There are 2 protein chains.
Amino acid sequence: MAKVGVVLSGCGVYDGSEIHEGVLTLYFLEKAGATTVMMAPNIDQAHVVNHLTGEVSKDEKRNVLAESARIARGNIKDIKSVRATEIDALIFPGGYGAAKNLCTFAFDGPDCKVNEDVARLTKDVYSLAKPIGAICIAPAMMARIFGDATPIELTIGTDKDTANAINIMGGRHISCTAANIVIDSKHKVVTTPAYMLPVSIAEAAEGIEKLVKAVMDLIKR
Amino acid sequence: MAKVGVVLSGCGVYDGSEIHEGVLTLYFLEKAGATTVMMAPNIDQAHVVNHLTGEVSKDEKRNVLAESARIARGNIKDIKSVRATEIDALIFPGGYGAAKNLCTFAFDGPDCKVNEDVARLTKDVYSLAKPIGAICIAPAMMARIFGDATPIELTIGTDKDTANAINIMGGRHISCTAANIVIDSKHKVVTTPAYMLPVSIAEAAEGIEKLVKAVMDLIKR
């Protein structure tokens, strides 16, 4: 039975993991016969956003691991403790948390830094020729981690500025709809835009289901 | 196109809406052709639980509407402003939030009180012969709202103490597995146990998908 790591980044689209993307990833992974290992870094969130008003709650602090545990129903590991040898693939749901907590792309664009445990695990999984899935804005982080030396074909949908930033970091951006995926077979990286495009939950789900299936297929090869 | 109200109670199984149940409800509703109106009461949570440790965060306060907005991606209404005439059905995902924030069942058992806007909207939806769905622990609240005068057949799974409490409040508890539902056709109330049983996300999803379909069928009648 395949064991797939799922990296969360908090709980809520504006300051953490996009919740629908996280839950649908877990759902389609189980339907595809995988077990999941949920994980997140044990660090403070970049900030807390009130999801009703859209405003930053200036005096509030939340921990990425503790908030991610809400999506994981408590069943979650500190990513620092996870080794690439214990999983068969790694998937990153999106949400601003992927670009604010796992890396600083939302603040620094192509000059962003990636959390060292996220970068270490991603590189190790890649080195072991295990597949990686990245949803929504998370593909931008893949471009930063791998850079020019390993130019990965990926998508964040159709946003030109983000696509440009990805190309600057060394990725190869390909436009894509939310119901579809981009598969880089050479590097075993699968991406889908999900809520990077103004879509409904069922449309985002279609791409996520395809991504999960493609990642599972790449495990088998 | 059917318009279905979804009542959230925060964001996280131990102090709010069970996130998987909330997201899967939205997903299956859209797949079934419905639009959704997400809502929650604008009140403080009963408390905040750290989902990593399971402990109550004593000094922390969170608002039910603002936290529910995380699941709703900001697209949510104060339940106080919602009228039964503007929706075709009403669904309550579970999680402790349904038993701590929407009513006090988790603290007071059969003597619990129900949030007045939740009780008002539920009764009005029922009066208009529109169907109601309740998932996980949320059915207990239905027993309290309708009482002996309107004995509703419902399920929270197989837990004897909770089933007893439901019968004391005037409900008629029926045992059920997570992949199945109980339909009270007379009162147009559909229930499923979901995570009241120790199940996986795909098993919970099976019951929730059936519940959504049954609620949609009851709208059409």
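None of the values given here were measured: they were computed from a predicted structure.

## Details of the overall build of chain A
- Secondary structure summary: chain A contains eight helices and nine strands in total.
- Its C-alpha atoms give chain A a radius of gyration of 15 Å, near enough to 17 Å, the size a compact globule of 221 residues would have.
- If you line up chain A on its principal axes, its C-alpha atoms span 50 × 35 × 35 Å.
- When each of the 221 residues of chain A is scored for burial, the buried share is 62%.
- Restricting to contacts in chain A with at least 6 residues of sequence separation, those with at least 24 account for 68%.
- Roughly 8,300 Å² of accessible area belongs to chain A as shown, and the carbon and sulfur atoms make up 48% of that amount.
- Within chain A, the 26 negative side-chain charges are centred at a point lying 5 Å from the centre of the 24 positive side-chain charges.

## Examining the sheet that holds strand 3 (residues 77-78) of chain A
Residue and element names in this part refer to chain A.
- Read from one edge to the other, the open sheet built from seven strands follows the order 3-2-1-4-5-9-8, with strand pairing classed as mixed. Two strands bound the open sheet, and with one partner strand each, they are strand 3 and strand 8 (182-184).
- Relative to strand 2 (residues 35-40), strand 1 (residues 3-7) runs parallel, the two sharing five bridges. Paired with Lys 3 across the bridge in strand 2 is Thr 35.
- Set on the sheet, helix 5 (residues 116-127) makes contact with strand 2, strand 4 (89-92) and strand 5 (132-135); between it and strand 4 the angle comes to about 135°.

## A look at the pairing of strand 1 of chain A
Residues and elements named next belong to chain A.
- Counting buried residues along strand 1, four of its five residues qualify, which places the element largely inside the surrounding structure.
- Note that strand 1 and strand 4 share three bridges and pair parallel. Note that in strand 4 the partner of Val 4 across the bridge is Ala 89.

## Here we look at the relation of the copies chain A and chain B
- When chain A is fitted onto chain B, the two copies agree to an RMSD of 0.0 Å after a turn of 180° and an axial shift of 0.0 Å. Here the symmetry operator amounts to a two-fold rotation axis. Residue Val 23 of chain A, judged by its C-alpha, is the member of chain A lying nearest the rotation axis, at 3.5 Å.
- Comparing interface residues between copies, 100% of those in chain A also sit at the interface in chain B, which points to an isologous, same-surface contact.

## Examining helix 6 (residues 138-146) of chain B
- In terms of burial, helix 6 of chain B is a largely internal element, eight of the nine residues being buried.
- Where helix 6 of chain B terminates, the next one or two residues include Gly 147 of chain B, which has phi positive at roughly 60°.

## Comments concerning the interface of chain A and chain B
- Opposite the 37 residues of chain A that make contact, chain B presents 37 residues.
- Summing the contributions of chain A and of chain B, the shared interface buries around 3,100 Å²; its carbon and sulfur component is 59%.
- Contact with chain B buries area across many residues of chain A, yet Tyr 27, Arg 70 and Arg 73 of chain A alone supply 27% of it, more than any other trio.
- The tally of links from chain A across to chain B stands at six salt bridges.
- For the salt bridge of Arg 62 of chain A with Glu 67 of chain B, the shortest nitrogen-to-oxygen distance reads 2.9 Å.
- For the interface between chain A and chain B, the tally reads 18 residue pairs in polar contact (both at pLDDT 80 or more).
- Elements supplying a minimum of two residues to the side of chain A that touches chain B: helix 1 (19-31), helix 2 (64-71) and helix 8 (201-220) of chain A.

## With respect to the sheet that holds strand 5 (residues 132-135) of chain B
Residues and elements named next belong to chain B.
- With mixed pairing, the seven strands of this open sheet are ordered in space as 3-2-1-4-5-9-8. The open sheet has two edge strands with one neighbour each: strand 3 (77-78) and strand 8 (182-184).
- Examined bridge by bridge, strand 5 and strand 9 (residues 189-192) share four bridges and lie parallel to one another. Bridge pairing links Ala 134 to Thr 191 in strand 9.
- Packing against the sheet, helix 8 (residues 201-220) makes contact with strand 1 (3-7), strand 4 (89-92), strand 5, strand 8 and strand 9, and its axis sits at approximately 175° to strand 9.

## Points about the packing of aromatic side chains
- Counted by the stated rule, this structure contains nine aromatic pairs over all chains.
- Aromatic side chains Tyr 14 of chain A and Tyr 96 of chain A sit 6.5 Å apart centroid to centroid with 35° between the ring planes, which places their arrangement in the tilted category. Pair noted here: Tyr 14 of chain A is in the loop between strand 1 and helix 1 and Tyr 96 of chain A is in helix 3 (residues 96-100), with a separation of 82 residues, a long-range link.
- When the ring of Tyr 27 of chain B is compared with that of Phe 28 of chain B, the centres are 5.2 Å apart and the planes differ by 45°; the resulting orientation is tilted.
- An aromatic cluster is built from Tyr 27 and Phe 28 of chain A together with Tyr 27 and Phe 28 of chain B, whose rings are joined through pairwise contacts.
- We note Lys 100 of chain A situated over the ring of Tyr 96 of chain A; from NZ or CZ to the ring centre the distance is 4.7 Å.

## Brief notes about unusual backbone geometry
Residue and element names in this part refer to chain B.
- A positive phi is found at Arg 73, a non-glycine position, where the angle reads about 55°.
- Position of Arg 73 relative to the elements: it lies in the loop between helix 2 (64-71) and strand 3.
- Phi at Ala 194 is positive, roughly 45°, even though this residue is not glycine.
- Mapped onto the fold, Ala 194 is located in the loop between strand 9 and helix 8.
- Under the relative-accessibility criterion, Ala 194 is labelled buried at 0%.

Here is what the cut-offs are and how they apply
Within each chain, residue numbers correspond to sequence positions counted from 1 in written order. Written order decides the labels, with chains lettered from A and ligands numbered from 1. Under the rules for a predicted model, residues below a pLDDT of 70 receive no local features and side-chain atom pairs below 80 are neither given nor counted, while totals for whole chains, interfaces and linings still include all residues. Hydrogen atoms and water are omitted, and side-chain values are computed over all heavy atoms in the structure. Under the scheme used here, helices are H or I runs from DSSP no shorter than 4 residues and strands are E runs no shorter than 2 residues, and both carry numbers assigned from the N terminus. For the radius of gyration, the atoms used are the C-alpha atoms, and the globule rule reads 2.2 Å times the number of residues raised to 0.38. A simple rule labels every residue: compare its accessible area, found with a 1.4 Å probe on the protein chains alone, to the largest value its type can have, and call it buried under 20%, exposed over 50%, or partly exposed in between. By definition in these notes, contact holds between two residues if any of their heavy atoms fall within 4.5 Å. For every accessible area listed, the method is Shrake-Rupley and the probe measures 1.4 Å; residues are considered covered only by the protein chains on display. Counted as positive: Lys and Arg. Counted as negative: Asp and Glu, with His and the chain ends omitted from the count. For the purpose of locating charges, the reference atoms are NZ of Lys, CZ of Arg, CG of Asp and CD of Glu. Strand pairing follows a simple DSSP-based rule, namely that at least 2 bridges must link the two strands. To obtain an axis, a line is fitted to C-alpha atoms, over the contacting stretch when the element is a helix, and the angle between two such axes runs from 0 to 180 degrees between their N-to-C directions. Residues below a pLDDT of 70 in either copy are left out; the C-alpha atoms of the rest, at least 70 in both, set the least-squares superposition of the copies. Summed over both partners, buried area is the accessible surface (1.4 Å probe) that two parts give up on being assembled. What makes a salt bridge here is a side-chain nitrogen of Lys or Arg within 4 Å of a carboxyl oxygen of Asp or Glu, nothing more. N or O atoms within 3.5 Å of each other form a polar contact, as long as, within protein, one can give a hydrogen and the other can take it, and as long as residues adjacent in sequence are counted only when both atoms are side-chain atoms. Pairing of aromatic rings covers Phe, Tyr and Trp, the last counted by its six-membered ring, and requires centre-to-centre distances within 6.5 Å; plane angles under 30 degrees mean stacked, over 60 mean edge-to-face, and any other angle means tilted. A positively charged side chain is recorded as over a ring if its NZ (Lys) or CZ (Arg) lies within 6 Å of the ring centre. The angle to the ring normal must also be within 35 degrees.

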